[in-house]
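# Notes for the structure review
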Amino acid sequence: MDSAEILVLQASYSNPVHAEAIGIVLNHYAEDPMGGGHPIAPELLQRLPEELARRPHAFSVLAFVGGEPAGLINCFEGFSTFACKPLVNVHDVAVVGKFRGLGLSQKMLQKVEEIARQRGCCKITLEVLEGNAVAQGSYRKFGFAPGMFNPDHGRMLFWIKDLQA
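Residues numbered from 1 in each chain as written. Predicted model: local features only at pLDDT ≥ 70, side-chain atom pairs only at ≥ 80, totals over all residues. Heavy atoms only, no water.

If you look the protein chain up in an unreviewed UniProt entry, it shows as GNAT family N-acetyltransferase from Pseudomonas koreensis.

Following this line, the structure appears as structure tokens:
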């Protein structure tokens, strides 16, 4: 595909086209084995843009190819106590299957970095599954590396405690 057909932008949660695109791409990701393999309930997808808009430190980046929703990154601003500056946590990265291989993740991450720099952030963080070699390769290409302070203490691990169980 011609790169001129690719549009990457910061989503406006109040824009109906952007809101619909967020739901389409996020559900595609949720249905993928790397996203858990289960669809998101339609009523949740419909409410999501409004809920994100209520969080002043949330932002999303969308990619469109030929006008079709093709990629999404959802981000949340956090805070680094060691640097005393904000940081951006990349929460979801998704590219619709038929649009993979176009470099969309790199283009979207570039937009995330641009926004993070505008906000004065000290770093960008993300989580990735051990078994997702494709995503790890993409993140490494962009400059990400496993989190670590001191090699003697190993890499940082991402743990969760489910409060919905």
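There is more to say after this.
## Describing the pattern of salt bridges
Where charged atoms of side chains with opposite charge meet at close range, the side chains can pair. Condition: We define a salt bridge as a contact between a side-chain nitrogen of Lys or Arg and a carboxyl oxygen of Asp or Glu at a distance within 4 Å. Only protein chains enter the accessibility calculation, which uses a 1.4 Å probe; a residue is then buried when its area is under 20% of its type maximum, exposed when over 50%, and partly exposed in between.
Following the criterion strictly, the structure yields seven salt bridges and no others. A salt bridge links Glu-51 to Arg-55, with the shortest nitrogen-to-oxygen separation between them at 3.2 Å. For Glu-51, a relative accessible area of 21% translates into the label partly exposed. By relative accessible area, Arg-55 is classed as partly exposed at 39%.

## Considerations on the environment of Ala-145
What counts here: Numbering of helices and strands runs from the N terminus; a helix is a DSSP stretch of H or I covering at least four residues, while a strand is a stretch of E covering at least two.
Inspection of the secondary structure puts Ala-145 in the segment after helix H4 (133–142). Taking the relative accessible area as the measure of exposure, Ala-145 reaches 62% and is therefore exposed. When the C-alpha atoms of Ala-145 and Arg-155 are compared, they prove to be 9.9 Å apart, with 10 residues separating the residues in sequence.

## Some points on the UniProt feature "domain: N-acetyltransferase" (unreviewed entry) in the protein chain
Short version of the rule: UniProt positions are given in the numbering used here, feature names are shortened, and annotations may be inferred rather than shown by experiment.
Using the residue numbers shown here, the UniProt feature "domain: N-acetyltransferase" (unreviewed entry) corresponds to residues 11–164. Secondary structure content for residues 11–164 is 34% helix and 23% strand, while the C-alpha to C-alpha distance between its ends is 28 Å.

## Describing the packing of helix H3 (residues 104–118) against H4
Pairs of packed helices are described in terms of their axes, by the angle between the two and the distance that separates them. Convention followed: Each axis is a line fitted through C-alpha atoms, and for a helix only the stretch in contact is used; angles between axes span 0 to 180 degrees, taken between their N-to-C directions. For classification, angles of less than 35 degrees are called roughly parallel, those exceeding 145 degrees roughly antiparallel, those between 65 and 115 degrees roughly perpendicular, and all remaining angles oblique. By convention, the crossing between two helices is left-handed when the near helix turns anticlockwise from the far helix through less than a right angle, and right-handed when the turn is clockwise. For this analysis, residues touch if any pair of their heavy atoms sits within 4.5 Å.
At their nearest, the axes of H3 and H4 sit 10 Å apart, and the two run at 50° to each other. Classified by the angle their axes make, H3 and H4 are oblique. Here H3 runs over H4; the crossing is right-handed. Every residue of H4 that contacts H3 at Ser-105, Gln-106, Leu-109, Gln-110 and Glu-113 is listed here: Ser-138, Tyr-139, Lys-141 and Phe-142.

## Focus on the nonpolar core
Across soluble globular proteins, nonpolar side chains show a tendency to be buried alongside one another. In plain terms, the rule: Each nonpolar core is a collection of buried residues, namely Ala, Val, Leu, Ile, Met, Phe, Trp, Tyr and Cys, held together in the definition by side-chain atoms within 4.5 Å.
Counting residues in each nonpolar core, the largest one holds 41 residues, and the members touching the most others are Leu-62, Ile-73, Val-88, Val-90, Leu-104 and Val-112. Per-element tally for this core: the top contributor is strand E2 (residues 58–65), with seven residues. Once residues within four sequence positions are removed from consideration, Leu-104 is found in contact with Ile-6, Ala-63, Val-65, Ala-70, Val-95 and Phe-99.

## Focus: the sheet that holds strand E4 (residues 85–95)
To keep it simple, the criterion reads: DSSP calls a pair of strands paired once it identifies at least 2 bridges connecting them.
Overall, mixed pairing links the five strands, which are arranged E1-E2-E3-E4-E5 in an open sheet. Every other strand in the sheet has two partners, leaving strand E1 (6–10) and strand E5 (124–126) as the edge strands with one partner each. The mean inter-strand angle of the sheet, taken between neighbouring strand axes irrespective of direction, is 25°.

## Details of the side chain of Ser-80
With respect to the helices and strands, Ser-80 occurs in strand E3 (residues 68–80). Residue classification places Ser-80 among the buried positions, given a relative accessible area of 8%. Beyond its immediate stretch of four places on either side in the chain, Ser-80 contacts Lys-85, Leu-87, Cys-122 and Lys-123.

## Some details on the packing of aromatic side chains
Which entries qualify depends on this criterion: Stacked, edge-to-face and tilted are the three classes for Phe, Tyr and Trp ring pairs, Trp counted by its six-membered ring, which pair at centre distances within 6.5 Å; planes under 30 degrees apart are stacked, over 60 edge-to-face, the rest tilted.
All chains considered together, the criterion is met by three aromatic pairs. Seen in terms of ring centroids, Phe-82 and Phe-149 are 5.8 Å apart; in terms of plane orientation they differ by 25°. Their pairing is stacked. With Phe-82 in the loop between E3 and E4 and Phe-149 in the segment after H4, the pair connects residues that are 67 residues apart, well separated along the chain. What makes Phe-82 exposed here is its relative accessible area of 73%. With a centroid separation of 6.0 Å and 70° between ring planes, the pair formed by Tyr-139 and Phe-144 is classed as edge-to-face. Exposure class is identical for Tyr-139 and Phe-144. Each is buried.

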